[in-house]
Amino acid sequence: MASITFIGAAGVVTGSKHLIETTAGRRVLLDCGMYQGEKDLEARNWTLPPVDPKTVDAVILSHGHLDHCGYLPALVQAGFKGPIHTTSATIDVASLVLYDSAHIQEYEAQRAAKHPNRGLHATPLYTHDDVDKVVAQFKPAEYGAMCDDIAGLRYRLSDAGHILGSAITELWFDQRKLTFTGDLGRYGRPLLNDPTPIAESDYVLAESTYGDRMHPASDPQVDLGKVINTAMARKGVLVIPSFAVGRTQELLYAIGQLQRDSSIPNVNVFVDSPMAISADAIMERHPEAMRFNPKARFGPGDESLGARNVKVTVQSADSIALNDIQSGAIILSASGMASGGRVLHHLRNRLPRANDTICFVGFQAPSTLGSQLEGGAKSVKILGVPVDVKANVIQIDGFSAHADRGELLRWFANFTGKPRTFLVHADPGAAQSLADAIGKKYGFTVTPAHAGERVEIV
Ligand SMILES: [Zn+2]
């Protein structure tokens, strides 16, 4: 009998992996993400999933965030040789993200050799070479196209509006249809499309990250303007930890609007990421995944998504030179949860400075450095070194790429029937809260998924 097994992102937000097995014995993995956050959660990345990667026929990838694609190189290293189906925009985003992830892991392994008592891994989980193999296994699919080239199953990808290239998957097998949301985006955002409505499905596997919360009603662009003005009035530097692909471009778009309205002072904007130039280029290459074509929208003077005074620092020497800037600058640097990447060096440098401001703009998984700082920690450890927190630490929720409770309920309203629904990608409280709300409002049978649980498709 066909089944779904919840391997990752069940009861937690990260590590997205869901195994579909058909009656004929074909195996398709929906997403193959890394665990991020708490130490014992990240430790799960070092154990193979409870399915032999050699026996998986194919992977369908919802989008290029690390908690959805970050385990693919380890799967390939362990013998997975099948195709990885996803949109062409996600192929570009995930390739960038995975090479960066391999680089971070190789770098941390080098540091482990230098500092053996800091608890860092002495060998990388995977390397650049493993990512080369993943990239060779990617197979592009267009939004809206019915595809039948996957292990005898049919599938279709539609825009999820979460990040560039993100997709909702509809999968037909054993005379049943299953819909997997991946991560769902917001309604009415400036750059990305609304999540595509789905009318019919027998089964739904839906994310529920913000299942118990609403985003603030305020305009995030206005909030960002206030943060920039306050940070500049403190005569310091504003650091915004931000995923280089997508979120950074949304921030640049908002900064550009604020510059045009003269709502913020004339400041330099540093995009400190070796990925940023590629990320801009990816956005330009994929107007099919955006609300408008950015190259056609902005005229002369546009440096990045309509923003001015933007300097991209690619070389690490230029990144280090940013440490000398005392005031009048905004630094956008990855990663968004401060779980790795160049932003760690900025935080180590800026957190002890009382004039500086750190502003988080995305979801911070529990126990990440970002979550500790948001929680008001007065001292944190960065790459094993204790750092005092004297800078002003704040957050803006409105830039979240995830649908909130109201938006999730709005998306579920599109179904004409009552699909059997499982909620993934959330802490248990958020998933249960949304399950209760969907059950009450629409009469669906809804259950939060549990890790390791196998559900038969009847
Ligand atoms: Zn995501």
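Not measured: the values here are computed from a predicted model.

**Examining the pattern of salt bridges**
Two side chains that carry opposite charge are able to pair once their charged atoms sit near each other. For the structure shown, the criterion picks out 12 salt bridges. Ionic pairing is found between Arg-285 and Asp-92, a salt bridge with its closest N-O pair at 2.9 Å. Linking Arg-285 in helix H8 (residues 276-285) with Asp-92 in helix H4 (residues 88-114), this pair joins segments that are 193 residues apart in sequence. Using a relative accessible area of 21% as the deciding quantity, one classes Asp-92 as partly exposed. Notably, a salt bridge pairs Asp-194 with Arg-291, separated by 2.9 Å at the nearest N-O pair. Placement of the pair is Asp-194 in the loop between strand S10 (176-180) and strand S11 (203-207) and Arg-291 in the loop between H8 and helix H9 (294-297), with a sequence separation of 97 residues. Linked by salt bridges that have partners in common, Arg-156, Glu-170 and Lys-177 make up one network.

**Description of the packing of aromatic side chains**
As enumerated under the stated definition, the model contains eight aromatic pairs in all. Seen in terms of ring centroids, Tyr-253 and Phe-292 are 6.1 Å apart; in terms of plane orientation they differ by 45 degrees. Their pairing is tilted. You can see Tyr-253 sitting in helix H7 (residues 247-260) and its partner Phe-292 sitting in the loop between H8 and H9, a full 39 residues away along the chain. For the ring pair Phe-415 and Phe-444, a centre distance of 6.3 Å and an interplane angle of 75 degrees mean the geometry is edge-to-face. Remark: Phe-444 occurs in the loop between helix H14 (428-442) and strand S21 (446-448) and Phe-415 occurs in the loop between helix H13 (405-412) and strand S20 (420-424); sequence separation between them is 29 residues.

**A look at the domain arrangement of the chain**
Here the domain parsing of the chain yields domain 1 (3-213 + 401-456) and domain 2 (220-395). If you average the C-alpha positions of domain 1 and of domain 2, the two centres end up 27 Å apart. Tallying the contact residues gives 34 residues for domain 1 and 33 residues for domain 2. Both sides of the domain 1 and domain 2 interface together cover about 2900 Å² of buried area, and 65% of this is carbon and sulfur.

**Quick notes on the coordination of the zinc ion**
Only His-63 (NE2), His-65 (ND1), His-162 (NE2) and Asp-183 (OD) from the protein reach the zinc ion as donors, at distances of 2.1 to 2.3 Å. For the zinc ion, the four donor atoms in the first shell make angles of 92 to 165 degrees at the metal, so the coordination geometry reads as irregular. When the donors of the zinc ion are listed by position in the chain, the intervening gaps give H-x1-H-x96-H-x20-D. Residue classification places His-63 among the buried residues on the basis of a relative accessible area of 0%.

**Structural notes on H14**
Its 15 residues give H14 an end-to-end C-alpha distance of 21 Å, which sits within 8% of 21 Å, the value for a rise of 1.5 Å per residue. For H14, the secondary structure elements touched by its buried residues are S11, H13, S20 and S21. Of the residues trailing H14, Gly-443 is marked for its positive phi of about 75 degrees.

**So, the sheet that holds S20**
Pairing is mixed across the open sheet formed by seven strands, whose spatial order is S7-S8-S9-S10-S11-S20-S21. Both outer strands of the open sheet, strand S7 (146-150) and S21, are each paired with one neighbouring strand and no more. With strand direction ignored, the average angle separating the axes of adjacent strands in the sheet is 25 degrees. Examined bridge by bridge, strand S9 (residues 167-173) and S10 share five bridges and lie antiparallel to one another. Paired with Trp-172 across the two strands is Lys-177, which belongs to S10. The sheet contacts of H13 involve S9, S10, S11 and S20, and relative to S11 the element is tilted by about 160 degrees. Contacts between H14 and the sheet are confined to S11, S20 and S21, with S21 contributing the most and set at about 180 degrees to the helix.

**What to know about unusual backbone geometry**
Residue Ala-9 is not a glycine yet carries a positive backbone phi of 50 degrees. Assignment of secondary structure puts Ala-9 in the loop between strand S1 (3-8) and strand S2 (17-21). Phi is positive for His-425, which is not a glycine, with a value near 60 degrees. Relative to the elements of secondary structure, His-425 occurs in the loop between S20 and H14.

**Looking at the sheet that holds strand S16 (residues 357-360)**
Reading across from one edge, S14-S13-S15-S12-S16-S19 is the order of the six strands in this open sheet, with parallel pairing throughout. Two strands lie at the open edges of the sheet, namely strand S14 (310-313) and strand S19 (392-395), each paired on one side alone. Geometrically, the sheet is characterised by an average inter-axis angle of 20 degrees between neighbouring strands, direction not taken into account. Across the sheet, helix H6 (residues 220-233) lies against strand S12 (237-241), strand S15 (329-333), S16 and S19, angled at about 140 degrees from S12, the strand it touches most. Across the sheet, H7 lies against S12, strand S13 (268-272), S14 and S15, angled at about 175 degrees from S13, the strand it touches most.

**Some points on the side chain of Ser-166**
Residue position: Ser-166 is located in the loop between strand S8 (153-159) and S9. Side-chain polar atoms of Ser-166 contact the backbone nitrogen of His-162, separated by 2.9 Å. Once you skip the residues sitting within four places of it in the chain, Ser-166 turns out to touch Ser-62, His-63, Thr-90, Tyr-143, Ser-158, Asp-159, Ala-160 and Gly-161.

**Re the nonpolar core**
Counting 72 residues, the largest nonpolar core has Leu-72, Leu-224, Ile-228, Leu-238, Ile-240 and Ile-330 as the members making the most contacts within it. Examining the composition of this core, we find that eight residues originate from one element, H4, more than from any other. In this structure Ile-228 touches Leu-238, Ile-255, Leu-258, Ile-264 and Ile-330, once residues within four positions along its chain are discounted.

What counts and how
- Residues numbered from 1 in each chain as written.
- Predicted model: local features only at pLDDT ≥ 70, side-chain atom pairs only at ≥ 80, totals over all residues.
- Heavy atoms only, no water.
- Salt bridge = Lys/Arg side-chain N within 4 Å of Asp/Glu carboxyl O.
- Helix = DSSP H or I, 4+ residues; strand = E, 2+ residues; numbered from the N terminus.
- Buried < 20%, exposed > 50% of the residue type's maximum accessible area, 1.4 Å probe, protein only.
- Phe/Tyr/Trp six-rings, centres within 6.5 Å; stacked < 30°, edge-to-face > 60°.
- Domains from an automatic or database assignment.
- Contact = heavy atoms within 4.5 Å.
- Buried area = accessible area lost by both parts, 1.4 Å probe.
- Donors = N, O, S within 2.8 Å, 3.2 Å for Na, K, Ca; no water.
- Tetrahedral: all angles 85-135°; square planar, octahedral: opposite > 155°, others 65-115°.
- Expected span 1.5 Å × (residues − 1).
- Pairing = 2+ DSSP bridges.
- Axes fitted to C-alpha atoms, helices over the stretch in contact; angles between N-to-C directions.
- Polar contact = N/O pair within 3.5 Å; in protein donor to acceptor, adjacent residues only side chain to side chain.
- Core = buried A, V, L, I, M, F, W, Y, C linked by side-chain atoms within 4.5 Å.

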